[in-house]
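Report on the structure
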Amino acid sequence: MSIEFHHGAGSVERCYPPDCLSDTHDHHQLLVGLDGRVDVEVEGRGAAVVPGGVCVIPAAATHYYLGLGIDNRCRVLDLPVGQDAIDALFERIRFLCLSPEEARGLDDDALLARLGGAPPWYGPRLNMARLTRLVQDDPAAPWSLARLAEAARLSERQLRRSIFEATSQSPWQWLQGQRLARAERLLITGDATITEIALACGFADGAQFSRHFRRWRGMTPSDFRRRP
């Protein structure tokens, strides 16, 4: 769940969690980067929302978002459907670029007026929200470096560099973290056995999973599950 800071009746500021979450809503939405980085995927198109970056999310468009680092902060503006000028702005999914000063200083009306002339924003080539979603959808798949690179549409060298820049981890460390996070959710929400969870999340067996989980959380999966 994102953390919100309300500023009157207009836009709010949010800090997004380091989990790949999804949302769909019946209003248009703007995400404007203020600090840090939030990766967003909107119906197959993705970009990093960094200071000055703008993500335009039309109503009813399913989107995924992932906060990278605890210092991320976005300005979020929800807008109603049915107003011609606003609907026209959201006719297509776009990523735009403002200066960080504009992103922080313009009021909501000035921000909307400025977007019509804002240039496209591309940002880093690796979209972590998209790659995270693909891995979380099938954590037990044989995710080799080559397969991760293909999914990310990068070379293996580019993938190593991009993941390290975004997370300070190697691709293997990042993948293990995704598998362990998925396993943790299954421990909390389901009644599958430790071995079943291990196999579902890409570990060879329950013993291997338990070793990795203990290093990660400081306790065994069984002890974690028994917590009050």
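The residue count restarts for each chain, going from 1 along the sequence in the order it is written. A pLDDT threshold of at least 70 governs which residues receive local features in this predicted model, and a stricter bar of 80 or more applies before side-chain atom pairs are shown or counted, although totals over entire chains, interfaces and linings include all residues. Calculated side-chain values reflect all of the structure's heavy atoms, with hydrogen atoms and water omitted.

1. Considering helix α4 (residues 128–137)
Exposure categories follow from relative accessible area, calculated using a 1.4 Å probe and restricted to protein chains: below 20% of the type maximum is buried, above 50% is exposed, and the middle band is partly exposed. Helix and strand definitions follow DSSP, with helices as H or I runs of at least four residues and strands as E runs of at least two, each counted in order from the N terminus. In terms of residue burial, α4 counts as a mostly covered element, since eight of its 10 residues are buried. Taken as a whole, α4 has its buried residues at Met128, Ala129, Arg130, Leu131, Thr132, Arg133, Val135 and Gln136. Every residue pair with non-hydrogen atoms within 4.5 Å of one another is taken to be in contact. In this fold, the buried residues of α4 make contact with β4 (28–42), β7 (63–79), α5 (145–152), α6 (156–167) and α7 (171–189).

2. Some points on the environment of Arg114
Tracing the chain through its elements places Arg114 in helix α3 (residues 108–115). Note on Arg114: relative accessible area 27%, which makes it partly exposed. For the pair Arg114 and Val50, spaced 64 residues apart in sequence, the C-alpha to C-alpha distance is 18 Å. Beyond its immediate stretch of four places on either side in the chain, Arg114 contacts Leu98, Glu102 and Leu106. Separated by 2.8 Å, the side chains of Arg114 and Glu102 make a polar contact. Here a polar contact is taken to be a pair of N or O atoms separated by no more than 3.5 Å, where protein atoms must pair a possible hydrogen donor with a possible acceptor and residues adjacent in sequence count only if both atoms sit in side chains.

3. Thoughts on the nonpolar core
One finds Leu126, Met128, Leu131, Leu159 and Trp174 to be the most contacted residues of the largest nonpolar core, which totals 20 residues. Counting residues per element, the ones that place at least two in this core are β7, α4, α5, α6 and α7. With residues near it in sequence (within four places) discarded, Leu131 still touches Leu126, Leu148, Ala151, Ala152, Leu159, Ile163 and Trp174. Put simply, buried Ala, Val, Leu, Ile, Met, Phe, Trp, Tyr and Cys residues joined by side-chain atoms within 4.5 Å make one nonpolar core.

4. A short note on the side chain of Gln178
With respect to the helices and strands, Gln178 occurs in helix α7. Accessibility expressed as a relative area gives 14% for Gln178, which makes it buried. Those residues within four positions of Gln178 in sequence are excluded, and the remaining contacts are Thr132, Val135 and Gln136.

5. Focus on the pairing of β4
When a strand is regular, its side chains alternate between the sheet's two faces. For β4, the buried fraction is high: 13 of the 15 residues fall into the buried class. For two strands to pair, DSSP has to find at least two bridges joining them. As paired strands, β4 and β7 are joined by 13 bridges and run antiparallel to one another. Within β7, the position partnered with Glu41 by the bridge is Tyr64. Across four bridges, the pairing between β4 and strand β6 (residues 53–57) is antiparallel. Residue pairing for β6: Leu31 is matched across the bridge by Cys55. Across five bridges, β4 lies against strand β5 (residues 45–49) in antiparallel orientation. Bridged to Val42 within β5 is Arg45. What sits between the antiparallel neighbours β4 and β5 is a turn of two residues, in which Glu43 has the positive phi angle 50°.

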